[in-house]
Amino acid sequence: MEWLDKKGISHQVTSCPCRRCHLFRLVGLVSGGNLAERESRLDRGSPKISTELELPQPAIAAETATALALHRRWLILGVVLVGSFMAILDVFIVTQGLPSIKTSLGAGVADLELVVSAYSLVYAVFLITGGRLGDILDRKRIFLFGMTVSSQ
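None of the values given here were measured: they were computed from a predicted structure.

1. A few points about the overall build of the protein
Here's step 1: Broken down by element type, the protein carries 5 helices and 2 strands.
Here's step 2: Tracing the protein from N to C terminus, the helices and strands come up as β-β-α-α-α-α-α.
Here's step 3: Buried positions account for 18% of the 152 residues belonging to the protein.
Here's step 4: In the protein, the proportion of contacts linking residues at least 24 apart, taken out of those at least 6 apart, comes to 36%.
Here's step 5: Only carbon and sulfur atoms are counted for the fraction: they give 66% of the accessible area of the protein, which is about 11800 Å².

Okay, structure coming up:
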């Protein structure tokens, strides 16, 4: 679908990055292809107004929605995997610090096991509390806060 704006610039709705074309794509996907009447539908060659309303192809709209959903799913999976990796990385860092704790503090094997267990217990308590806070407040905000605190 192609349209002309007030300045006479031609826009191809399926590939144009401008805000209005993006809005047309969204409205077309949400309303099942029933786009609202456009502001300017002038043909390039003639100054008369075109009365034909061009609707996007349903197959193209379905493909666009499917591609956006698939891209969003992969993005969400990546964010969740980074969060899981951070949890494993934190326990790994504590485990790597055990020889230093043993030499500087003179801790025994049981004390080192207690350090790892205490860290894991505190981490689990904050994980459950953070999940509940995410339900109450905002998941995204709490997730970003937790990622910031755990990386410090």
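2. Brief notes about the packing of helix α3 (residues 98–105) against helix α4 (residues 109–136)
Here's step 1: Their axes nearest at 10 Å, the elements α3 and α4 cross at an angle of 130°. When the axis of α3 is compared with that of α4, the two are oblique. As α3 packs across α4, the resulting crossing turns out to be right-handed. Between α3 and α4, the residues in contact are Leu98, Ile101 and Lys102 and Leu112, Val115 and Val116, respectively.
Here's step 2: Split into classes, the residues belonging to the contact of α3 with α4 amount to 5 nonpolar, no polar and 1 charged.

3. What to know about the layout of surface pockets
If a probe as big as a water molecule is rolled over the atoms, it shows which places are left empty.
Here's step 1: Taken as a whole, the largest pocket holds about 1100 Å³ of empty space.
Here's step 2: Every residue lining the largest pocket is counted, 31 residues in all, and those nearest its centre are Leu127, Ile142, Phe143, Gly146 and Met147.
Here's step 3: Residue assignment for the lining of the largest pocket shows that the elements contributing at least two residues are α2 (58–96), α4 and α5 (139–151).
Here's step 4: With 11 residues, α4 is the single largest residue contributor to the lining of the largest pocket.
Here's step 5: Here the lining of the largest pocket is composed, by residue class, of 18 nonpolar, 8 polar and 5 charged.

4. Observations regarding the environment of Gly131
Here's step 1: As for its position among the elements, Gly131 is in helix α4.
Here's step 2: Distance from Gly131 to Ile142, taken between C-alpha atoms, is 8.1 Å for residues 11 residues apart in sequence.

5. Things to note about the confidence of the model for the protein
Here's step 1: Residue-level pLDDT values for the protein average 75, and 66% of them are 70 or greater.
Here's step 2: The spread of mean pLDDT over the elements of the protein runs between helix α1 (residues 19–30), the lowest at 60, and α3, the highest at 92.

6. Some points on a nonpolar patch on the surface
Here's step 1: A contiguous nonpolar patch, built from Leu70, Trp74, Leu77 and Leu81 and spanning about 430 Å² of accessible area, is present on the exposed surface.
Here's step 2: Relative to the helices and strands, Leu77 resides in helix α2.

7. Details of the pattern of salt bridges
Here's step 1: Counted under the stated rule, the structure contains 1 salt bridge.
Here's step 2: The salt bridge partner of Arg139 is Asp135, with a shortest N-O separation of 3.1 Å.
Here's step 3: For Asp135, a relative accessible area of 45% translates into the label partly exposed.

Rules and cut-offs
- Residues numbered from 1 in each chain as written.
- Predicted model: local features only at pLDDT ≥ 70, side-chain atom pairs only at ≥ 80, totals over all residues.
- Heavy atoms only, no water.
- Helix = DSSP H or I, 4+ residues; strand = E, 2+ residues; numbered from the N terminus.
- Buried < 20%, exposed > 50% of the residue type's maximum accessible area, 1.4 Å probe, protein only.
- Contact = heavy atoms within 4.5 Å.
- Areas by Shrake-Rupley, 256 points an atom, 1.4 Å probe, with all protein chains shown as cover.
- Axes fitted to C-alpha atoms, helices over the stretch in contact; angles between N-to-C directions.
- Parallel < 35°, antiparallel > 145°, perpendicular 65-115°, else oblique.
- Left-handed = near helix turned anticlockwise from the far one by under 90°.
- Nonpolar A, V, L, I, M, F, W, Y, C, P; charged D, E, K, R; others polar.
- 1 Å grid on protein atoms, 1.4 Å probe; cavity = no way out; pocket = protein on both sides within 12 Å on 5 of 7 lines; lining within 4 Å.
- Points joined across faces, edges and corners; volume = space filled by probe spheres on them.
- pLDDT = per-residue confidence, 0-100.
- Patch = residues over 30% accessible without salt bridge, like charges linked within 9 Å, V, L, I, M, F, W, Y side chains within 5 Å.
- Salt bridge = Lys/Arg side-chain N within 4 Å of Asp/Glu carboxyl O.

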